[in-house]
Amino acid sequence: MSKDTILITGASTGIGAVYADRFAKRGHNLILVARDFERLEVLANRLWAETGVNVEIEVADLTNKPDLARIETRLLTDPKIGVLVNNAGMGAFGEIIGADPENLETVIALNVTAATRLAAAAANAFAARGGGSIINLSSVLALAPERTNPVYGGSKAFLLNFSQALHQQVSDKGVHVQVVLPGATRTEIWARAGKNVNALDPAMVMDVHDLVDAALAAFDAGELVTIPSLPDAGDWNAFEAARLKLAPNLSRRFPASRYRMKEVAA
Ligand SMILES: NC(=O)c1ccc[n+]([C@@H]2O[C@H](COP(=O)([O-])OP(=O)(O)OC[C@H]3O[C@@H](n4cnc5c(N)ncnc54)[C@H](OP(=O)(O)O)[C@@H]3O)[C@@H](O)[C@H]2O)c1
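What you see is a predicted model; the values in this text were computed from it and never measured.

## Points about the overall build of the chain
Phase 1: A count of helices and strands for the chain gives 8 helices and 7 strands.
Phase 2: At 20 Å, the chain has a C-alpha radius of gyration in line with the 18 Å of a compact globule built from 266 residues.
Phase 3: If one aligns the C-alpha atoms of the chain with their principal axes, the spans along those axes are about 85 × 45 × 40 Å.
Phase 4: Here the chain holds 266 residues, and the buried ones make up 44% of them.
Phase 5: Counting contacts in the chain only where the partners sit at least 6 residues apart, residues at least 24 apart contribute 70% of the total.

## Here we look at the sheet that holds strand β7 (residues 225–226)
Phase 1: Ordered by their spatial adjacency, 7 strands build an open sheet running β3-β2-β1-β4-β5-β6-β7, and the pairing between neighbours is parallel. Among the strands making up the open sheet, the edge pair consists of β3 (55–59) and β7.
Phase 2: In this fold helix α3 (residues 65–77) packs onto β1 (5–9), β2 (30–34), β3 and β4 (81–86), with an angle of close to 145° to the strand it touches most, β3.
Phase 3: Helix-sheet contacts for helix α5 (residues 150–170) involve β5 (132–137), β6 (175–180) and β7, and the interaxial angle to β6 is about 160°.

## Comments concerning the packing of aromatic side chains
What describes a pair of aromatic rings is the distance from one ring centre to the other and the angle between the planes of the rings.
Phase 1: Applying the stated criterion to the full structure yields 5 aromatic pairs.
Phase 2: Aromatic pair Y19 and F23: ring centres 6.3 Å apart, planes at 15°, arrangement stacked. Separated by 4 residues within a single helix, Y19 and F23 lie in helix α1 (residues 14–25), roughly one turn from each other.
Phase 3: Consider the rings of F23 and F219, whose centres lie 6.3 Å apart with planes at 85°: the pair is edge-to-face. You can see F23 sitting in helix α1 and its partner F219 sitting in helix α7 (residues 208–220), a full 196 residues away along the chain. Neither residue differs from the other here; F23 and F219 are each classed as buried.
Phase 4: Three or more aromatic residues joined by ring pairs form one cluster here, namely Y19, F23 and F219.

## A word on the side chain of E58
Phase 1: Among the structural elements, E58 can be located in strand β3.
Phase 2: Within the structure, E58 has its side chain in polar contact with the side chain of R70 (distance 3.1 Å).
Phase 3: The residues touching E58, leaving out its near neighbours within four places in the chain, are I31, L32, V33, A34, L40, R70, I71 and R74.

## Here we look at the site of the ligand
Phase 1: Inspection of the region around the ligand gives 31 residues, with S12, I15, R35, Y152 and T187 positioned closest.
Phase 2: In this structure, R35 approaches the ligand through a side-chain N or O atom, which is 2.7 Å from an oxygen atom.
Phase 3: Separating an oxygen atom of the ligand from a side-chain N or O atom of W190 is a distance of 3.2 Å.
Phase 4: Protein chains bury 96% of the 890 Å² of accessible surface belonging to the ligand in isolation.
Phase 5: Breaking the shell around the ligand down by element, the ones donating at least two residues are α1, α5 and α6 (189–192).
Phase 6: Counting residues per element, the shell around the ligand draws most heavily on α6, which supplies 3 residues.
Phase 7: Of the residues belonging to the shell around the ligand, the class tally is 13 nonpolar, 12 polar and 6 charged.

Rules and cut-offs
Residues numbered from 1 in each chain as written. Predicted model: local features only at pLDDT ≥ 70, side-chain atom pairs only at ≥ 80, totals over all residues. Heavy atoms only, no water. Helix = DSSP H or I, 4+ residues; strand = E, 2+ residues; numbered from the N terminus. Rg over C-alpha atoms; globule rule 2.2 N^0.38 Å. Buried < 20%, exposed > 50% of the residue type's maximum accessible area, 1.4 Å probe, protein only. Contact = heavy atoms within 4.5 Å. Pairing = 2+ DSSP bridges. Axes fitted to C-alpha atoms, helices over the stretch in contact; angles between N-to-C directions. Phe/Tyr/Trp six-rings, centres within 6.5 Å; stacked < 30°, edge-to-face > 60°. Polar contact = N/O pair within 3.5 Å; in protein donor to acceptor, adjacent residues only side chain to side chain. Near = heavy atom within 4 Å. Areas by Shrake-Rupley, 256 points an atom, 1.4 Å probe, with all protein chains shown as cover. Nonpolar A, V, L, I, M, F, W, Y, C, P; charged D, E, K, R; others polar.

Shown next as structure tokens:
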């Protein structure tokens, strides 16, 4: 039986290109999505020469509705696709005051809207077939909103929340969801958003190959939330336990006593 085809967005460089390399070396055919045809072609030729897998290129700007719809349709209609690596994303740094609103909207269009529509298409297709996997690239900044641009951090927090809820709805239909939260990783995303990654403490910056290999080890283990840098998985479990402890009290008939108006003395 032939292995699943892997559709990877943002595959022309960085994290997506390393996912392409690793899945090709596992013998999977690939569909690589990004805007830069030349880079995709160089990668596709190398992977085909090294591994013999079939590599297709889909040039698409995922902030462009017709392009996004084309990739969505491919996910919905191509029964060979068994894994979506929902990776294309862009950074945004700095203050929201003075930020270009058009740029903020583009970040949301790529990091939130495109990622959501592609994950939803994959979830529908995979659930109908009773199997498949969706890997969403979030960020540790989902957990550290104080450290980042509000729109970038918000977009990555959305993907974490979205992935946890998606898992809840599709895991019993044979669909595996993984959300990966990289810390700072040495890729072009920094320069593209006007930041020098070399200005960061090198002890905080992961090599992109190490990042993807760790994320794939966790994928193989069936993990839902993967934080490749975190030394003690118990810290995440404790964080989740604290969140879940809130659950019974998050929706009640009466406001908490600290919010009740004080009675005015006559
Ligand atoms: N690197 C980090 O420190 C870091 C940390 C946490 C999370 N992440 C997340 O990991 C994911 C990958 O990041 P990366 O570091 O590998 O970034 P990167 O090196 O900048 O690569 C981004 C990829 O997305 C593609 N892309 C960008 N805009 C696109 C668009 N409008 N339509 C289609 N494709 C587009 C780019 O290709 P084209 O230019 O050819 O379109 C490229 O292949 C992102 O979601 C990012 O938020 C990264």
